[in-house]
Amino acid sequence: MNPMLDSVIQKYIDEARRDACDTTGNTGTLTGGGLVLVAFGIVLSIGTGNPILAIFVMIVLALAGLAWTGVKAPPLKLDPLQILAPMGGAGNLPAGYLVHPLAWKAGLPEYVKGVPERRMRMAVELCRKHPGAVTDLLRLVERSERWVADVKPGKDFSPEGREAEVVRFAAHLIDEQVRKVARAAA
């Protein structure tokens with residue numbers, strides 16, 4: 001894998017965690033609670049004539065309220081599909097990143113959520129050879145699967161035999177694509 005791309009992905013993951021904001025409205029609740037405590041402290045101070053006691057009671061109540069809020073607050077949630085949005089999303093990663101653990105922390109599971117398991121198995125088998133992006137690889141596997149189902153009758157009609165035929169056909173397409181690019185570059 002590419003160490004530079006790995007560091008960029010890690011940077012985006014860290015930024016997403018850092019930028020996750022509290023959308024539950026707890027900031028307003030804490031501000032309102034603080035104002036109520038200040039008002040209560042002033043009333044208590046005037047009523048008892050002991051400002052030290054009022055400050056102590058306010059601090060105890062504030063700490064209890066903060067602890068309760070901290071325990072009851074839901075965990076902050078990241079939108080995994082937005083982590084790699086500056087790079088064009090998880091689908092624009094190189095195909096080899098389909099099996100990279102860092103990509104799976106950066107939203108790839110959500111990106112491939114609708115892809116059938118058999119198609120993922122075939123894509124994983126081909127990902128290191130494919131020169132394009134994850135999206136391109138998944139499309140290639142889907143097209144190859146359709147072609148094998150429609151055009152190539154084959155001999156083995158078991159699911160494993162069909163998968164092997166699809167992988168062979170897709171690998172042949174990848175090899176052709178790499179040869180064409182090499183000829184055009186030369």
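Please refer to the structure higher up on the page.
Conventions we followed
- Residues numbered from 1 in each chain as written.
- Predicted model: local features only at pLDDT ≥ 70, side-chain atom pairs only at ≥ 80, totals over all residues.
- Heavy atoms only, no water.
- 1 Å grid on protein atoms, 1.4 Å probe; cavity = no way out; pocket = protein on both sides within 12 Å on 5 of 7 lines; lining within 4 Å.
- Points joined across faces, edges and corners; volume = space filled by probe spheres on them.
- Helix = DSSP H or I, 4+ residues; strand = E, 2+ residues; numbered from the N terminus.
- Nonpolar A, V, L, I, M, F, W, Y, C, P; charged D, E, K, R; others polar.
- Phe/Tyr/Trp six-rings, centres within 6.5 Å; stacked < 30°, edge-to-face > 60°.
- Buried < 20%, exposed > 50% of the residue type's maximum accessible area, 1.4 Å probe, protein only.
- Axes fitted to C-alpha atoms, helices over the stretch in contact; angles between N-to-C directions.
- Parallel < 35°, antiparallel > 145°, perpendicular 65-115°, else oblique.
- Left-handed = near helix turned anticlockwise from the far one by under 90°.
- Contact = heavy atoms within 4.5 Å.
- Salt bridge = Lys/Arg side-chain N within 4 Å of Asp/Glu carboxyl O.

**A short note on the layout of surface pockets**
Now for step 1: Counted as a void, the largest pocket has a volume near 280 Å³.
Now for step 2: Lining the largest pocket we find 14 residues, and of these Thr 29, Leu 30, Gly 65, Leu 66 and Thr 69 sit closest to its centre.
Now for step 3: When residues of the lining of the largest pocket are traced back to their parent elements, those giving at least two are α2 (26-48) and α3 (51-72).
Now for step 4: Examining the composition of the lining of the largest pocket, we find that seven residues originate from one element, α3, more than from any other.
Now for step 5: Of the residues belonging to the lining of the largest pocket, the class tally is seven nonpolar, six polar and one charged.

**Topic: the packing of aromatic side chains**
Now for step 1: Under the defined criterion, the tally for this structure stands at one aromatic pair.
Now for step 2: Taking 4.1 Å as the distance between ring centres and 5° as the angle between the ring planes, the aromatic pair formed by Trp 147 and Phe 169 counts as stacked. One end of the pair, Trp 147, is in helix α8 (residues 134-150); the other, Phe 169, is in helix α9 (residues 159-185), with 22 residues separating them in the sequence.
Now for step 3: Phe 169 gets classed as buried once you look at its relative accessible area, which sits at 19%.

**Observations concerning the packing of α8 against α9**
The packing of two helices is summarised by the inter-axis angle and the distance between the axes.
Now for step 1: At a minimum axis distance of 9 Å, the contact between α8 and α9 shows a crossing angle of 120°. By the criterion of interaxial angle, the relationship of α8 to α9 is oblique. Regarding α8 and α9, the two cross each other, and that crossing is right-handed. Contact with α8, carried on its side by Leu 140, Val 141, Ser 144, Glu 145, Trp 147, Val 148 and Ala 149, involves Arg 162, Glu 165, Val 166, Phe 169, Ala 170, Leu 173 and Ile 174 of α9 and no other residues of that element.
Now for step 2: Here the contact of α8 with α9 is composed, by residue class, of ten nonpolar, one polar and three charged.

**What to know about the pattern of salt bridges**
Now for step 1: For the structure on display, the rule yields nine salt bridges.
Now for step 2: Across the salt bridge formed by Arg 118 and Glu 145, the nearest N and O atoms sit 2.4 Å from each other. Of the two residues, Arg 118 is situated in helix α7 (residues 117-126) and Glu 145 in helix α8; the sequence distance between them amounts to 27 residues.
Now for step 3: Between Arg 146 and Glu 142 there is a salt bridge, and its shortest N-O distance comes to 2.5 Å. Of this pair, Arg 146 and Glu 142 both sit in helix α8, four residues apart, roughly one helical turn.
Now for step 4: Residues participating in the shared-partner salt-bridge network are Glu 117, Arg 121 and Glu 163.

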